[in-house]
Amino acid sequence: MSVSKWIGGALGWSFGGPIGAIIGLAIGSIIDSMMDGEEKKRWRGETNSRENRGQQTTSRHSQTGSGDFEVSLLILASVVIKADGVQDQRELDFVREQFVNMYGKERANHAFKLFKGISKQSVSVRPVCLQIRQMMDHPSRLQLMHFLFGIAKSDGIVVEKEVEQIRTIAGYLGISNKDYESIKAMFYNSKDNAYKILEIDKTASVDEIKRAYRKMAKKYHPDRVIHLGKEHQKGAEEKFRQVQDAYERLQKEMRF
């Protein structure tokens, strides 16, 4: 699959609004480096047409496709990677590895060509996140948060600037503080993690723990992101496993 076909076929609502502007600039750099004059004219025309169609879309939580999730992920990943002022190679390698695992080597290569163009830009986080919040369902946004913490942790340590940036992104995405803390706890080791993952207090009773487990297992079930494709269900399985592990730890501690 050529990069032009990938660009043309992978993206939906993300061609509109502030995300569309970022993508347009990134695609422009790809077109300039890979295509001749006639191809540039054709692709610039098609890109502008898609952006215009995307800007006319106003419905909330339209069906998010794999390509829209992918682009949202690339943009927010570029923000988190630069949050501490250093673009660590381990973080870049983590993103690439995750994309290869999800999409395969060829599509991952196309995504990184786009990522290079995105990472050169100064991204205004709030409008980008508000567009994602408007168009993307809640389970998919939770999956974005999980991936962003994975990026931050990939160099061995999550620095405060990265935590602050992800918290800011979470707020703009409409992620509650409990959901934010639940996902964050999946990347830290502490005695309270199991409670935080299940979104309960340490004083919770056995019945409350059981109810919390059922609620969180439903919230993080991989089927909640089935519309994103099997590639993203694999990522969702990690969150689901963390919920199961947290519940099992509390079972052993409280012996119920």
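Draft legend 1. Summary view of the nonpolar core. Formed by 72 residues in total, the largest nonpolar core has its most connected members in Leu-76, Phe-99, Ile-132, Met-145, Ile-151, Ile-169 and Leu-198. For this core, the leading source of residues is helix α4 (residues 66-81), giving 10 residues. Each residue touching Met-145, except ones within four places of it in the same chain, is listed here: Ile-166, Ile-169, Ala-170, Leu-173, Ile-175, Tyr-180 and Ile-183.

Draft legend 2. Seen up close, the packing of aromatic side chains. A complete count under the given rule lists eight aromatic pairs for this structure. Ring centres of Phe-149 and Phe-187 lie 5.9 Å apart, and the angle between their planes is 20°; on these two criteria the pair is classed as stacked. Here Phe-149, found in helix α8 (residues 138-153), pairs with Phe-187, found in the loop between α10 (177-185) and α11 (193-197); they are 38 residues apart in sequence, far enough to count as distant. Phe-149 sits in the buried class, given a relative accessible area of 0%. Here the aromatic rings of Tyr-213 and Tyr-247 are separated by 4.2 Å at their centres, their planes lie at 15°, and the arrangement is stacked. Placement of the pair is Tyr-213 in helix α12 (residues 206-219) and Tyr-247 in helix α13 (residues 230-254), with a sequence separation of 34 residues. Here the guanidinium or amino end of Arg-96 rests over the ring plane of Phe-112, the centre of that ring lying 5.3 Å away. The ring centre of Tyr-188 lies 5.7 Å from the NZ or CZ of Lys-184, which sits over that ring.

What counts and how
- Residues numbered from 1 in each chain as written.
- Predicted model: local features only at pLDDT ≥ 70, side-chain atom pairs only at ≥ 80, totals over all residues.
- Heavy atoms only, no water.
- Core = buried A, V, L, I, M, F, W, Y, C linked by side-chain atoms within 4.5 Å.
- Buried < 20%, exposed > 50% of the residue type's maximum accessible area, 1.4 Å probe, protein only.
- Helix = DSSP H or I, 4+ residues; strand = E, 2+ residues; numbered from the N terminus.
- Contact = heavy atoms within 4.5 Å.
- Phe/Tyr/Trp six-rings, centres within 6.5 Å; stacked < 30°, edge-to-face > 60°.
- Lys NZ or Arg CZ within 6 Å of the ring centre and 35° of its normal.

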